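For reference, the chains in residue letters:
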Amino acid sequence: MGILHQLKQFAFVKLRILKYKSLSSCKQVLGQPKLYHPLLLNGKGKISFGKNVQIGVVNSSNYYSHYSYFEARNSESEISIGNNVSINNHCSIEALSKITIHDNVLIGINCSILDNDGHSLVIDNRLSGIPKSAEIVIENNVFIGDNVTILKGVTIGEHSVVGNGSVVTKSVPSNAIVAGNPAQIIKEIK
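Please read these numbers as outputs of a predicted model, since none were measured by experiment.

Let's talk about the nonpolar core
In step 1: One finds Phe70, Ile101, Ile138 and Ile150 to be the most contacted residues of the largest nonpolar core, which totals 36 residues.
In step 2: Within the residue set of this core, elements represented by two or more residues are strand 3 (39-42), strand 4 (46-49), strand 6 (68-72), strand 7 (78-81), strand 9 (92-95), strand 10 (98-101), strand 13 (136-138) and strand 19 (176-179).
In step 3: Sequence-distant contacts of Phe70, that is, excluding residues within four places in its chain, are made with Leu39, Leu40, Leu41, Asn42, Ile47, Phe49, Ile55, Ile79, Ile81, Ile87, Cys91 and Ile93.

Focus: the pattern of salt bridges
In step 1: Taken as a whole, this structure holds three salt bridges when the rule is applied.
In step 2: With a shortest N-O distance of 3.7 Å, Glu94 and Arg73 are connected by a salt bridge. Taken as a pair, Glu94 in strand 9 and Arg73 in the loop between strand 6 and strand 7 lie far apart in primary sequence, 21 residues in all.
In step 3: A relative accessible area of 24% means that Arg73 is categorised as partly exposed.
In step 4: Taken together, the shared-partner salt bridges connect Glu71, Arg73 and Glu94 into one network.

Section: a nonpolar patch on the surface
In step 1: On the surface, a nonpolar cluster with roughly 340 Å² of combined accessible area is contributed by Ile3, Leu4 and Leu7.
In step 2: Structurally, Leu4 is set in helix 1 (residues 3-23).
In step 3: Its relative accessible area of 56% is what places Leu4 among the exposed residues.

Quick look at the sheet that holds strand 15 (residues 149-150)
The pairing of strands in a sheet happens through backbone hydrogen bonds and is either parallel or antiparallel.
In step 1: With respect to topology, six strands assemble into an open sheet ordered 3-6-9-12-15-18, the strand pairing being parallel. Two strands in the sheet have a free side with no partner beyond their single neighbour: strand 3 and strand 18 (167-168).
In step 2: As paired strands, strand 15 and strand 18 are joined by two bridges and run parallel to one another. The residue of strand 18 that forms the bridge with Ile150 is Val168.

Some thoughts on the sheet that holds strand 14 (residues 143-144)
In step 1: Strands sit in the order 2-5-8-11-14-17-19-20 across an open sheet of eight strands; the sheet is mixed. Of all the strands in the sheet, the pair left with one neighbour each is strand 2 (34-35) and strand 20 (184-188).
In step 2: For strand 11 (residues 106-107) and strand 14, the ladder comprises two bridges, and the chain directions are parallel. Within the sheet, the bridge partner assigned to Ile107 lies in strand 14 and is Ile144.

Focus: the pairing of strand 20
In step 1: Judged by how many residues are buried, strand 20 sits mostly at the surface: zero of five residues are covered.
In step 2: Two elements, strand 19 and strand 20, share four bridges in a ladder whose sense is antiparallel. Across the sheet, residue Ala179 finds its bridge partner in strand 20, namely Gln184.
In step 3: Where strand 19 folds back on strand 20, the antiparallel hairpin that results is connected by four residues, among which Gly180 adopts a positive phi of roughly 110°.

Rules behind the numbers
Residues numbered from 1 in each chain as written. Predicted model: local features only at pLDDT ≥ 70, side-chain atom pairs only at ≥ 80, totals over all residues. Heavy atoms only, no water. Core = buried A, V, L, I, M, F, W, Y, C linked by side-chain atoms within 4.5 Å. Buried < 20%, exposed > 50% of the residue type's maximum accessible area, 1.4 Å probe, protein only. Helix = DSSP H or I, 4+ residues; strand = E, 2+ residues; numbered from the N terminus. Contact = heavy atoms within 4.5 Å. Salt bridge = Lys/Arg side-chain N within 4 Å of Asp/Glu carboxyl O. Patch = residues over 30% accessible without salt bridge, like charges linked within 9 Å, V, L, I, M, F, W, Y side chains within 5 Å. Areas by Shrake-Rupley, 256 points an atom, 1.4 Å probe, with all protein chains shown as cover. Pairing = 2+ DSSP bridges.

Here it is as structure tokens:
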């Protein structure tokens, strides 16, 4: 590696990773992911990482310009990420209750995993009400494409694939390929 490459890595990657680490407010973080991309960890809950968790991919879009955001909002909120998980650039994982990502999961660029509605859906309570929330589980060996949104109450069965741009509103069985908005089964994996 030349000195120019090392200077670029320091200025455009390492300093940004340190910046977002210093801005993070979550105090209950267990494990150490490999950071190739900035990650902001916020909330009063618990965020845990298994072994060999990678955040960010050098040869993907949004590498130099974005960051990933994980929030375990309340003291009882939890995000649990298993072993050998790779999460690409600019992903958002927000838990009001619990989000569990098991082992050997691949998550593409610009994905959102949200276990809640964000705001109450009742008109008079949108600013002050408590949004509905339901646990999300992503089982072993799942592959989630780019620009996917996974919403509250969803379980994605092991070995399944979620196609690019999908919005997952209902649980996905094991060994299925789903795609679309809302995501539908388009093929079984044999």
